[in-house]
Amino acid sequence: MMKKYVIVLCDGMADEPLQELDGKTPLEAARTPNMDRLAPRSEIGMVRTVPEGMSPGSDTANLSVIGSDPSKYYSGRSPLEALSIGVDMKEDDVSFRCNVVTLSEEEDNYEDRRILDHSSGEISTGDAAVLIEALKEGLRRDGYEFYAGTSYRHLLIWKQGRVVELTAPHDILTRRIGEYLPQDPVLREMMVKSYEILSSHPINVKRKEKGLNPANSAWFWGAGTRPVLTSFEEEHHLKGAMVSAVDLLKGIAVGAGMRNITVEGANGGLDTNYAGKGQAAIDALREDMDFVYIHIEAPDEMGHQGSFEDKITAIERIDAQIIGPIVENLEAEGIDFRMLVLPDHPTPVRVRTHVGDPVPYLLYDSTNTPIGQYTSDNSGYVYIEGLTTSGRYYLRELENKGYIPDTQMKTVYVTAGETTLIEWKNTPITAQIQITKKSADYNPTNGLPAGTLLEGAIFEIYDKAGNLVDTIKSDSRGLAASKPLPLGRYTIREVKAPNNYGISGEDLTAYLEHEGEIVLFEVTNKALATGVSITKTGPN
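Here, residues in each chain are numbered from 1, in the same order as that chain's written sequence. Under the rules for a predicted model, residues below a pLDDT of 70 receive no local features and side-chain atom pairs below 80 are neither given nor counted, while totals for whole chains, interfaces and linings still include all residues. Side-chain measures here rest on the full set of heavy atoms in the structure, leaving out hydrogens and waters.

> Hey, could you run me through the side chain of Thr-25 in this one?
Each helix is a run of DSSP H or I of at least 4 residues and each strand a run of E of at least 2, with the numbering of both proceeding from the N terminus. As for its position among the elements, Thr-25 is in the loop between β1 (4-10) and α1 (26-29). It only takes one pair of heavy atoms within 4.5 Å for two residues to be counted as in contact. Non-local contacts of Thr-25, meaning those with residues more than four positions away in its chain, are made with Asp-15, Glu-16 and Pro-17.

Written out as structure tokens, the structure reads:
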């Protein structure tokens with residue numbers, strides 16, 4: 001049976017370390033047992049999905065991931081969505097994404113309002129369709145046509161139009177909109193009038209009564225001309241399918257000649273039908289599909305909303321309801337497959353918009369079965385001999401006593417009859433030795449009582465081979481602390497005592513056994529006798 005291929009595209013999943021998560025990203029903080037199980041047997045790394053100089057959008061990034069060079073095939077975001085909706089664009093047509101957004105309402109002038117929510121609280125497709133019909137009627141104009149899409153994502157076609165520079169609403173959340181409005185007078189007028197039509201619409205009156213964000217304005221962006229993509233099957237010799245709730249990805253699939261699979265309850269939001277998407281992919285791979293691209297919008301939407309809690313929830317649901325079932329079912333049925341899990345771009349909750357940084361990926365191959373287990377010698381070398389077949393091999397470190405194992409799988413290309421040298425670096429697992437120095441008794445020279453913390457004691461630390469590895473000195477708090485030391489056995493020797501005190505003369509033995517461990521000692525010194533006797537008497 002031919003190998004199957006799966007991409008699980010977790011839109012906007014990459015993020016930044018967050019103080020609220022103790023320095024972890026939402027992906028690191030999420031419970032992902034299925035990805036964790038695959039990771040030791042997978043290739044893991046970072047990849048740049050957005051070409052230099054291009055906007056970090058889901059359009060350019062997903063084109064890259066699916067194998068279509070954005071610099072060659074990208075003509076704008078909205079035209080790709082037009083393919084999904086089924087709009088027959090002419091060569092001189094221009095397509096615009098039309099979001100229904102939430103603007104602030106307390107200002108008198110449209111230009112002074114602020115974008116509060118680019119998705120109007122992830123408005124339902126049904127409610128949004130009613131609002132788009134109202135815009136069709138209220139903004140009727142020759143050469144301009146509205147088309148309803150999914151949730152807050154819709155379309156405006158300008159016949160014989162021109163591409164104009166516009167701003168994505170999710171890039172300017174909470175900002176005053178005046179400086180971001182279209183320069184084109186018709187587009188600007190339509191947006192201003194859209195607020196008059198939508199702000200008092202019964203749908204929005206009911207939404208506000210329920211505490212939901214009203215979809216009170218249209219917002220145009222993502223302009224472009226008719227796209228031309230190459231056939232995925234002709235280019236890769238694989239029959240492909242797309243599982244997505246958003247028109248952008250469906251449009252890419254239409255343009256590439258892939259099958260679009262519709263999943264009931266898949267809506268592009270946090271409460272999308274994750275399990276349904278996973279099952280749709282399994283069914284397609286069981287049947288006649290060689291490749292399935294599963295796109296999940298939820299992590300990106302939660303990034304735009306600024307909610308790390310909901311972003312974690314989305315990631316955990318993807319792991320439990322999509323990745324886990326696909327792997328379990330394909331492995332149980334003996335189907336060989338490769339699975340790539342990655343975001344298209346980061347959508348950090350801190351900035352609530354896309355950034356163009358590289359993203360993490362996990363590439364799992366079910367046919368990567370171990371051919372052997374090898375151990376390094378006393379010189380640190382591992383010899384793998386007898387490989388008679390040239391090709392690609394994968395290496396993974398299992399353990400390395402006293403060092404942090406590098407469990408990321410490494411890819412090696414081997415030519416039969418030749419020696420391939422791979423260098424593997426490890427970071428030692430470290431711990432620390434701390435010594436508190438005190439006086440053992442009253443010192444008549446300096447008048448310090450027993451138990452006084454002493455400054456100036458010097459200790460040498462030797463490893464088990466007798467090598468000097470550190471020299472430490474007690475400070476004003478009486479504390480002498482070593483640098484981080486690899487795990488093992490150490491001998492500690494005092495070589496200089498504080499002034500007016502004698503050396504302890506006792507060697508100490510420390511066993512560092514656990515990462516981050518601090519082994520504590522308390523060492524006391526006796527006062528030195530001065531050798532001077534003073535007898536004080538009164539006058540005769």
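Resuming the write-up.
> In this structure, what is going on with the sheet that holds strand β8 (residues 240-243)? I would like to understand it.
Either a parallel or an antiparallel arrangement is found when strands of a sheet pair, and the pairing is made through backbone hydrogen bonds. In spatial order, the strands read β2-β12-β11-β1-β10-β8-β9; together these 7 strands make up an open sheet with mixed pairing. Here the strands that pair on one side only, and so sit at the sheet edges, are β2 (42-47) and β9 (259-261). Shown here is a sheet whose adjacent strand axes are inclined to one another by a mean of 15°, direction ignored. Strand pairing is defined by DSSP finding a minimum of two bridges between the two strands. Of the pairings in the sheet, the one linking β1 to strand β11 (residues 337-342) comprises 6 bridges and is parallel in character. Within β11, the position partnered with Lys-4 by the bridge is Phe-337. Here an axis means a line fitted to C-alpha atoms, over the contact stretch when the element is a helix, while the angle between two N-to-C directions is reported on a 0 to 180 degree scale. Most of the contacts of helix α3 (residues 58-66) go to strand β10 (residues 291-296), to which it runs at about 155°, and overall it touches β1, β8, β10 and β11. Along the sheet, helix α10 (residues 247-255) makes contact with β8, β9 and β10, crossing β9 at roughly 150°.

> Sorry if this is basic, but what is going on with helix α12 (residues 298-305) here?
Note on helix geometry: an α-helix contains 3.6 residues per turn, so any two residues three or four positions apart are oriented the same way. Only protein chains enter the accessibility calculation, which uses a 1.4 Å probe. A residue is then buried if its area is under 20% of the maximum for its type, exposed if over 50%, and partly exposed in between. Of all 8 residues making up α12, 7 are buried, and the element is well covered by its neighbours. Residues Ala-298, Pro-299, Asp-300, Glu-301, Met-302, Gly-303 and His-304 constitute the buried set of α12. Of the residues one or two after α12, Gly-306 is the one with positive phi, at around 75°.

> Where do I start with the pattern of salt bridges in this structure?
In a structure, side chains of opposite charge can pair up when their charged atoms sit close to one another. Salt bridge, as applied in this entry: a Lys or Arg side-chain nitrogen positioned within 4 Å of an Asp or Glu carboxyl oxygen. Tallied over the full model, the rule gives 33 salt bridges. Of the charged contacts, one joins Lys-311 and Asp-15 as a salt bridge, the two residues approaching to 2.7 Å between their closest N and O atoms. Of this pair, Lys-311 sits in helix α13 (residues 308-332) while Asp-15 sits in the loop between β1 and α1; the two residues are 296 residues apart in sequence, bridging distant segments of the chain. Assessed through its relative accessible area of 15%, Asp-15 is described here as buried. Ionic pairing is found between Glu-333 and Arg-286, a salt bridge with its closest N-O pair at 2.6 Å. Here Glu-333, found in the loop between α13 and β11, pairs with Arg-286, found in helix α11 (residues 274-286); they are 47 residues apart in sequence, far enough to count as distant.

> Got a minute to help me understand the packing of α11 against α13 in this structure?
In a packed pair of helices, the relevant descriptors are the angle between the two axes and the axis-to-axis distance. Where α11 meets α13, the closest approach of the two axes is 9 Å, and the angle between their N-to-C directions is 25°. Viewed along their axes, α11 and α13 adopt a mutual orientation that is roughly parallel. Like other packed secondary-structure pairs, α11 and α13 cross with a definite hand, here right-handed. Facing Tyr-274, Ala-275, Lys-277, Gly-278, Ala-281, Ile-282, Leu-285 and Arg-286 of α11, the residues of α13 in contact are Ala-314, Arg-317, Ile-318, Gln-321, Ile-322, Pro-325, Ile-326, Asn-329 and Leu-330. Residue composition of the contact of α11 with α13, grouped by class: 11 nonpolar, 3 polar and 3 charged. An angle counts as roughly parallel when it lies under 35 degrees, as roughly antiparallel when it exceeds 145, as roughly perpendicular when it falls between 65 and 115, and as oblique in every other case. For a crossing to be left-handed, the near helix must be turned anticlockwise from the far one by less than a right angle; the clockwise case is right-handed. Note that Gly is not counted as nonpolar here; it falls among the polar residues with everything else outside the nonpolar set of Ala, Val, Leu, Ile, Met, Phe, Trp, Tyr, Cys and Pro and the charged set of Asp, Glu, Lys and Arg.

> Any chance you could explain the sheet that holds strand β19 (residues 468-473) here in plain terms?
Here we have 4 strands laid out as an open sheet, ordered β19-β18-β22-β23, and antiparallel in their pairing. Single-partner strands in this sheet number two, and they are β19 and β23 (508-512). When the angles between neighbouring strand axes are averaged without regard to direction, this sheet yields 25°. Examined bridge by bridge, strand β18 (residues 458-463) and strand β22 (residues 488-496) share 6 bridges and lie antiparallel to one another. Bridge assignment links Asp-463 to a residue of β22, and that residue is Tyr-490.

> Looking at this structure, how should I read the environment of Thr-369?
Within the secondary structure, Thr-369 is located in the loop between β12 (359-365) and β13 (391-395). For Thr-369, a relative accessible area of 55% translates into the label exposed.

> Explanation requested: the pairing of β12 in the structure shown.
Working note: regular strand, side chains alternate between the two faces of the sheet. The buried count for β12 comes to 5 of 7 residues, which makes it a mostly enclosed element. Pairing of β2 with β12, which is carried by 6 bridges, proceeds in the antiparallel orientation. Residue pairing in the sheet places Ile-44 in a bridge with Leu-362 of β12. Taken together, the 4 bridges between β11 and β12 define a ladder with antiparallel strand orientation. Within the sheet, the bridge partner assigned to Met-339 lies in β12 and is Tyr-364.

> I'm lost on the packing of aromatic side chains in this one. Help?
For any two aromatic rings, the description comes down to two numbers: the centre-to-centre distance and the angle of the planes. Any pair of Phe, Tyr and Trp rings, taking the six-membered ring for Trp, is counted once the centres come within 6.5 Å. Such a pair is stacked with planes under 30 degrees apart, edge-to-face with planes over 60 apart, and tilted for the rest. Tallied over the entire structure, the rule returns 8 aromatic pairs. On the numbers, 6.2 Å between centres and 25° between planes, the contact of Phe-96 with Trp-158 is stacked. Here Phe-96 is found in strand β3 (residues 94-103), whereas its partner Trp-158 is found in strand β6 (residues 153-158), with 62 residues between them in sequence. Accessibility expressed as a relative area gives 11% for Trp-158, which makes it buried.

> I would appreciate a short explanation of the side chain of Glu-297 in the present structure.
Its location among the elements puts Glu-297 in the loop between β10 and α12. Any pair of nitrogen or oxygen atoms within 3.5 Å is treated as a polar contact; in protein, a donor-acceptor pairing is required on top of that, and neighbouring residues in sequence qualify only through side-chain atoms on both sides. Of note is the side chain of Glu-297, whose polar atom sits 3.5 Å from the side chain of His-295. Contact partners of Glu-297, with chain neighbours within four places excluded, come to Asp-11, Tyr-152, Arg-153, Val-246 and Gly-268.

> So what exactly am I meant to see when it comes to the environment of Ile-518 here?
Topologically, Ile-518 is positioned in strand β24 (residues 518-525). The residues touching Ile-518, leaving out its near neighbours within four places in the chain, are Gln-432 and Gln-434.

> Would you explain the packing of α3 against α10 in this entry?
Close contact between α3 and α10 brings their axes to 11 Å; oriented N to C, the two are set at 40°. Classified by the angle their axes make, α3 and α10 are oblique. Note that α3 runs across α10; the crossing there is right-handed. Each of Ser-58, Asp-59, Asn-62, Leu-63 and Ile-66 in α3 lies in contact with α10, whose residues at this interface are Leu-248, Leu-249 and Ile-252. Looking at the contact of α3 with α10, its residues break down into 5 nonpolar, 2 polar and 1 charged.

> Can you walk me through the pairing of β10 in this structure?
With 6 of 6 residues buried, β10 is to be regarded as a mostly interior element. Because side chains alternate across β10, one face comprises the buried residues Phe-291, Tyr-293 and His-295, and the other comprises Val-292, Ile-294 and Ile-296, equally buried. Judged from the 6 bridges that link them, β1 and β10 form a sheet pairing that is parallel. Looking across to β10, one finds that Cys-10 is bridged to Ile-296.

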